[in-house]
Amino acid sequence: MQFRQQALAKLQSPEELDLPVRFARPQGWLALSVTVVVMAAASVWAVTGTVASTVSAPAVLTHGEGSYILQSPVAGQVTEVVAQEGERLPANAPVLKVRTAQGGTTVVRTVAAGRVTALAATIGAIISTGANVAAVEKVTHADDPLYATVYVPAESAATIPANAAVDLTVQSVPTQQYGVLRGHVKAVGRSVQTPQQIASFLGDSQLGEQFTKKGRPVAVLVRLDHSAATKSGLKWSSADGPPFALTSMTLATSSIRLADQRPVDWLLP
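Residues numbered from 1 in each chain as written. Predicted model: local features only at pLDDT ≥ 70, side-chain atom pairs only at ≥ 80, totals over all residues. Heavy atoms only, no water.

**Q** Tell me about the nonpolar core, and please be specific about residues and values.
**A** Core analysis: the largest hydrophobic core is formed by 26 residues, its most contacted members being Leu-246 and Ile-256. When residues of this core are traced back to their parent elements, those giving at least two are strand E1 (54-63), strand E10 (146-153), strand E11 (165-170), strand E12 (181-192), strand E13 (217-224) and strand E14 (251-257). Beyond its immediate stretch of four places on either side in the chain, Leu-246 contacts Leu-61, Leu-146, Val-170, Ser-172, Val-173, Leu-181, Leu-234 and Trp-236. Core analysis: the second largest hydrophobic core is formed by 17 residues, Tyr-68, Ala-83, Ile-127 and Ala-131 among them. (Core = buried A, V, L, I, M, F, W, Y, C linked by side-chain atoms within 4.5 Å. Buried < 20%, exposed > 50% of the residue type's maximum accessible area, 1.4 Å probe, protein only. Helix = DSSP H or I, 4+ residues; strand = E, 2+ residues; numbered from the N terminus. Contact = heavy atoms within 4.5 Å.)

Right, dumping it as structure tokens:
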């Protein structure tokens, strides 16, 4: 009852009606202004801005035509290994000799010109028909350029734009000291790769299994950027890059920049 009487008395007293009313302090106006500006900027960015995203995938440095696995056409015992690892051979060049059970000798020869990257057969070894005896990279000339073959998850391959920028972290190069290798997408495969296809192209069955552990990927061919200012002849994020040249079959991890995307999808009625 007492509070009601006080309220009625307040309404009936006209002496305070002409006092000004303070809506907000200066600090409050400042905070409100900042909030309005931030919201306006965020709205503009949501409409006109873009978000850059990347996809990471394993990669291996290769020459453009890849490799092949050389198999023995006969069963028998290896009597001589003619070729050496790292040697570049023409097509139909002898790699090793096999003595068959009938006493004859068969020479296992290269299918196409290239560089021997691995020899699986040794003198005295007993091999069967179709056994893998060597891996040969298809290199015709010593100055054939290196590429990077990246095995991208199939669900991400369709979003890779033409000539997309690629950064490659090379396993044999200290990243903190020399940075990453630069490149751009040259071609994106149209179908997923099986372990057998990857092994056939790289000449390494273990890599075929390794690159398909999380599903069948799509092969993306990356053109490495060149630079006359570096020892390797390639462009790096650092000024000089490593003081040595890179070789094929070097493993790396790639980061491919995808097409820029809008942060907000506006739905119109």
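**Q** Break down the pairing of E14 for me, citing the residues and quoting the values.
**A** Judged by which residues are buried, E14 turns out to be one-sided: Ala-252, Ser-254 and Ile-256 face inward and are buried, whereas Leu-251, Thr-253, Ser-255 and Arg-257, on the alternate face, are not. The pairing of E1 with E14 spans 7 bridges and is antiparallel. When the bridges of E14 are listed, Ala-59 appears paired with Ala-252. Taken together, the 5 bridges between E11 and E14 define a ladder with antiparallel strand orientation. Looking at E14, one finds that Val-166 is bridged to Ile-256. (Pairing = 2+ DSSP bridges.)

**Q** So what's going on with the pattern of salt bridges? Which residues, and what values?
**A** One pass over the full model with this rule turns up 3 salt bridges. Linking Arg-182 and Asp-167 is a salt bridge whose minimum nitrogen-to-oxygen distance equals 2.6 Å. One end of the pair, Arg-182, is in strand E12; the other, Asp-167, is in strand E11, and 15 residues separate them in sequence. Assessed through its relative accessible area of 28%, Asp-167 is described here as partly exposed. (Salt bridge = Lys/Arg side-chain N within 4 Å of Asp/Glu carboxyl O.)

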